[in-house]
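Read off the chains here:
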Amino acid sequence: MYSKRISCIGAGYVGGPTMAVIAAKCPQYKVNVVDVSEARIKAWQTDTLPIYEPGLLEVVQAARGRNLFFSTDIRTAIRESEIIFVSVNTPTKTFGEGEGKAADLQYWEKVAREIRRESESPKIVIEKSTLPVKTAQTMENILNSNGKKVQFEVISNPEFLAEGTAIKDLLNPDRVLIGSRETPEGLKARQEIVDIYANWVPKERILTSNIWSSELSKLVANAFLAQRISSINSISALCEKTDASVQEVANAVGMDTRIGSQFLKASVGFGGSCFKKDILNLVYICESYGLHDVAHYWDAVLRMNEYQESRFVKTVIREMFNTIVGKRIALFGFAFKANTSDTRETPAIYIAKKLLEEKAEVVITDPKALENARLDLAGSTGELDFVSDPYDAALGAHAVAVMTEWNLYSSLDWEKIYKSMEKPAFVFDGRNILDHARLHKIGFNVYPLGRPPLKHF
Ligand code: UDX
Ligand code: UDX
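Rules used throughout
- Residues numbered from 1 in each chain as written.
- Chains lettered and ligands numbered in written order.
- Predicted model: local features only at pLDDT ≥ 70, side-chain atom pairs only at ≥ 80, totals over all residues.
- Heavy atoms only, no water.
- Phe/Tyr/Trp six-rings, centres within 6.5 Å; stacked < 30°, edge-to-face > 60°.
- Buried < 20%, exposed > 50% of the residue type's maximum accessible area, 1.4 Å probe, protein only.
- Helix = DSSP H or I, 4+ residues; strand = E, 2+ residues; numbered from the N terminus.
- Near = heavy atom within 4 Å.
- Polar contact = N/O pair within 3.5 Å; in protein donor to acceptor, adjacent residues only side chain to side chain.
- Nonpolar A, V, L, I, M, F, W, Y, C, P; charged D, E, K, R; others polar.
- Pairing = 2+ DSSP bridges.
- Right-handed = clockwise from strand over helix to strand, strands pointing away.
- Arc of directions from axis to C-beta.
- Contact = heavy atoms within 4.5 Å.
- Areas by Shrake-Rupley, 256 points an atom, 1.4 Å probe, with all protein chains shown as cover.
- Axes fitted to C-alpha atoms, helices over the stretch in contact; angles between N-to-C directions.
- Salt bridge = Lys/Arg side-chain N within 4 Å of Asp/Glu carboxyl O.

Student: Now, about the packing of aromatic side chains: what can you tell me, with residues and values included?
Tutor: Under the counting rule described, the total for this entry stands at 15 aromatic pairs. Relative to Trp200, the ring of Tyr197 lies with its centre 5.6 Å away and its plane at 50°, an arrangement referred to as tilted. Each member of the pair, Tyr197 as well as Trp200, is classed as buried. Seen in terms of ring centroids, Phe426 and Tyr447 are 6.3 Å apart; in terms of plane orientation they differ by 25°. Their pairing is stacked. One end of the pair, Phe426, is in strand 13 (residues 426–429); the other, Tyr447, is in strand 14 (residues 445–447), with 21 residues separating them in the sequence. Here the two residues Phe426 and Tyr447 agree in accessibility, since each one is buried.

Okay, structure coming up:
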C-alpha cells in the first residue's frame, strides 16, 4: 500500500523532525524512525516529544500512526525499507588519535555493519549526519564486504536545518543537497532521493552534486556561518574600545548585498552541536592533508569564539569592582539559542562555570532548557540554583546576564526587577536584545555587547 518504505536510524534533533516532515508531506510513503534509546522512542510516541521545536508536535501528530512510526526495532526497519537515512550522532573524538578534533565515527560504522548484516535486498543508505569528506568511501567498503551480493548505494544528503526553526527550514529549505556517485546506479539512487523531496520542494532548489562535494559542502556551510559570527564578534571588541556601535556597523556592512545582513549579530559566542564540531573536523581534515595554513585559518574562527566568551566574563568581573565573590548573578537563558531546549556547546556552560570559579552565586533561568542546564552543570561545585521564573531568579541579584535571546526577556517588567535587586544593579546583555537606554533610565548599569556601556558612575 505504500509506494516507498523509508527508515531513519537516529531519532534525534535531526532525524526526528526531518522524518516527521517527510511523512507529513508524503502520505504515500511509510516512514519508520528507529533509535537505540528506548526512552527517546517512547517520548516520540507521546505528545511530550523528546525535543522542543516550534511546530514539531503538529507535524508529528499529522502523520504518526498513519505513515510515521517510532520504534527501537532497528532490524525490522532495515529489512523492510529500500531507503535508509542514518542520522546518528558523530561527536568529536574524546580519545586517541585525533582527540578533540576528528569526528568519532564509531556509531556510524556500527550502524553500517548492522545494515549490512540485516539487508536481504538492495538499499540506498543516506548520510544525513554531518561526516568528514570521504566517509562515503568507508561506508561503501563496509557495506560491500558483505559476501551476500546485496547492492548498496551510499548517498550524501546533509541537513541544513537550524534548531528552533527546524520545521520552517524543512518545509521551505533554501536548498536540498543530494550527492551521489556518478555511475548509472549512483545516479539512479540520487533520482530516488530527489523524488522524495520533489513532493514539496521546488525543483530548482534541489541541488545534485558528486558525493564528495556534498559531504564537504555541509562542513563548509557551517564553517562560513560560524566565521561570520566570529568576524562580527571580533569587531564588537573593537567597537567597545572606539565608541562605535556593533549593531550600526553590522547594519551598514550587511546592507551591501554582496555581504548580506544575516548572521551578523554579535553575541556572547556561538554554541550548538554543529559549529564547533564541524570546524574542528574541517581543521583536522586540512591538517591530515598537510594543509596547515588552511587549518590555521579556520581554527581562528573557534579561537575567536573562545575569546568572546572569556571577554564576557572578564567584563562582568572588572565592572563589578573586580570581585564577584558571594554576589548573586542571574543568567537569563541557558539554551544555545532561543526556541530550543538544546544546550549543547552553549556559551552559558562556560560562563556559569567561570562565574562559579570566581565564587559568585549563580542562578540560572530558562523557559525550556533548565533540565539540560542541570545535567550540564551536574559536576560543578559552588552556589548554584535553577529557577524557572526570571523574576525569582533576579530577586536579590547583583547582576543579570542575558545568555539567550528569548523574546520573553525583552518584555519583562524591568522596573519590578530593578526594585528587587541589590544596588548598584548591573545588566550584561550578551545578546543585545534589551532596551539599553530604558534600562539605564530605570537605574541599571548596562553593558551591551559592542557598544559603550551606560553607567551611573
Ligand atoms: C546528529 C549529529 O550530531 C549531527 O552531526 C548530524 O548532522 C545529525 O545527527 P542530532 O540529531 O542533533 O545530530 O543528534 P542526537 O540528537 O544526539 O541524535 C542522535 C540519535 O542517534 C540519538 O537519539 C541516539 O540514541 C541515536 N543513536 C546513536 C542510535 O540510534 N544508534 C547508535 O548507534 C548511536
Ligand atoms: C546550524 C546551521 O545554521 C544549520 O544550517 C546546520 O544544519 C546546523 O548548524 P544551529 O546550530 O541549529 O544550526 O543554529 P544557528 O541558528 O546556526 O545558530 C548557531 C549559534 O550561532 C547559536 O548559538 C546562535 O545564537 C549563534 N548566532 C547565530 C550568533 O551568535 N549570531 C548570529 O548572527 C547568528
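Having put the structure on the table, let's press on.
Student: Talk me through the site of ligand 2; I want residue IDs and the actual numbers.
Tutor: In the neighbourhood of ligand 2, 20 residues make up the surrounding shell, with Phe160, Glu163, Ser267, Phe336 and Arg431 lying closest. Leu161 is positioned such that a nitrogen or oxygen atom in its backbone is 2.8 Å from an oxygen atom of ligand 2. Lys337 has a polar side-chain atom sitting 2.8 Å from an oxygen atom of ligand 2. With four residues, helix 9 (residues 211–242) is the largest single contributor of residues to the shell around ligand 2. Residue classes in the shell around ligand 2 are distributed as eleven nonpolar, three polar and six charged.

Student: How would you summarise the pairing of strand 5 (residues 123–127) if you had to cite specific residues and measurements?
Tutor: Burial within strand 5 is extensive, with five of its five residues counted as buried. Burial along strand 5 is two-sided: the face carrying Lys123, Val125 and Glu127 and the face carrying Ile124 and Ile126 are both buried. Two strands pair when backbone bridges link them, and strand 4 (residues 83–86) and strand 5 are joined in this way by four bridges, in the parallel orientation. The residue bridging Ile83 from the neighbouring strand is Ile124, located in strand 5. This β-α-β element, strand 4 to helix 5 (residues 106–118) to strand 5, shows right-handed connectivity. Here five bridges tie strand 5 to strand 6 (residues 152–156), and the two strands are oriented parallel to one another. Among the inter-strand pairings, Lys123 is bridged to a residue of strand 6, identified as Phe152. Once the chain exits strand 5 it traverses helix 6 (residues 135–144) before rejoining the sheet at strand 6, and the crossover so formed is right-handed.

Student: So what's going on with helix 6? Residues and values would help.
Tutor: Looking only at helix 6, the buried set comprises Thr135, Ala136, Met139, Glu140, Ile142 and Leu143. Down the axis of helix 6, the buried set is contained in an arc of 165°. They therefore lie on one face. Looking at the packing, one finds that the buried side of helix 6 touches helix 5, strand 5, strand 6 and helix 9.

Student: Describe in detail the site of ligand 1, supporting the description with residues and values.
Tutor: Looking at ligand 1, there are 20 residues lining it, with Val14, Asp35, Arg40, Lys110 and Lys277 nearest. At 3.5 Å, a backbone N or O of Val88 approaches an oxygen atom of ligand 1. Within the side chain of Thr90, a nitrogen or oxygen atom sits 3.1 Å from an oxygen atom of ligand 1. Taken by itself ligand 1 offers 690 Å² of open surface, and the protein chains cover 92% of this. Partitioned by chemical class, the residues of the shell around ligand 1 number six nonpolar, eight polar and six charged.

Student: Summarise the sheet that holds strand 12 (residues 399–402); cite the residues concerned and give the values.
Tutor: Across the sheet, six strands lie side by side as 11-10-9-12-13-14; this open sheet has parallel pairing. Each edge of the sheet is formed by a strand with only one pairing partner; in this case those strands are strand 11 (384–386) and strand 14. Each adjacent strand pair in this sheet contributes to an overall mean axis angle of 15°, direction not counted. Two strands pair when backbone bridges link them, and strand 9 (residues 328–332) and strand 12 are joined in this way by four bridges, in the parallel orientation.

Student: Break down the pattern of salt bridges for me, citing the residues and quoting the values.
Tutor: Overall, the coordinates contain 26 salt bridges when judged by the stated rule. Between Lys42 and Glu38 there is a salt bridge whose closest N-O contact spans 3.9 Å. Note that Lys42 and Glu38 are positioned in helix 2 (residues 38–44) at a spacing of four residues, about one turn of the helix. For the pair Lys42 and Glu38, a shared accessibility class is recorded, and that class is exposed. The salt bridge involving Glu109 is made with Arg113; its shortest N-O contact spans 2.6 Å. Here Glu109 and its partner Arg113 are both found in helix 5, four residues apart, which amounts to about one turn of the helix. The partly exposed category is assigned to Arg113, whose relative accessible area is 36%. Bridged by salt links that share partners, the residues Arg75, Arg79, Arg117 and Glu118 form one connected network.

What is shown is where atoms sit, not what they do.
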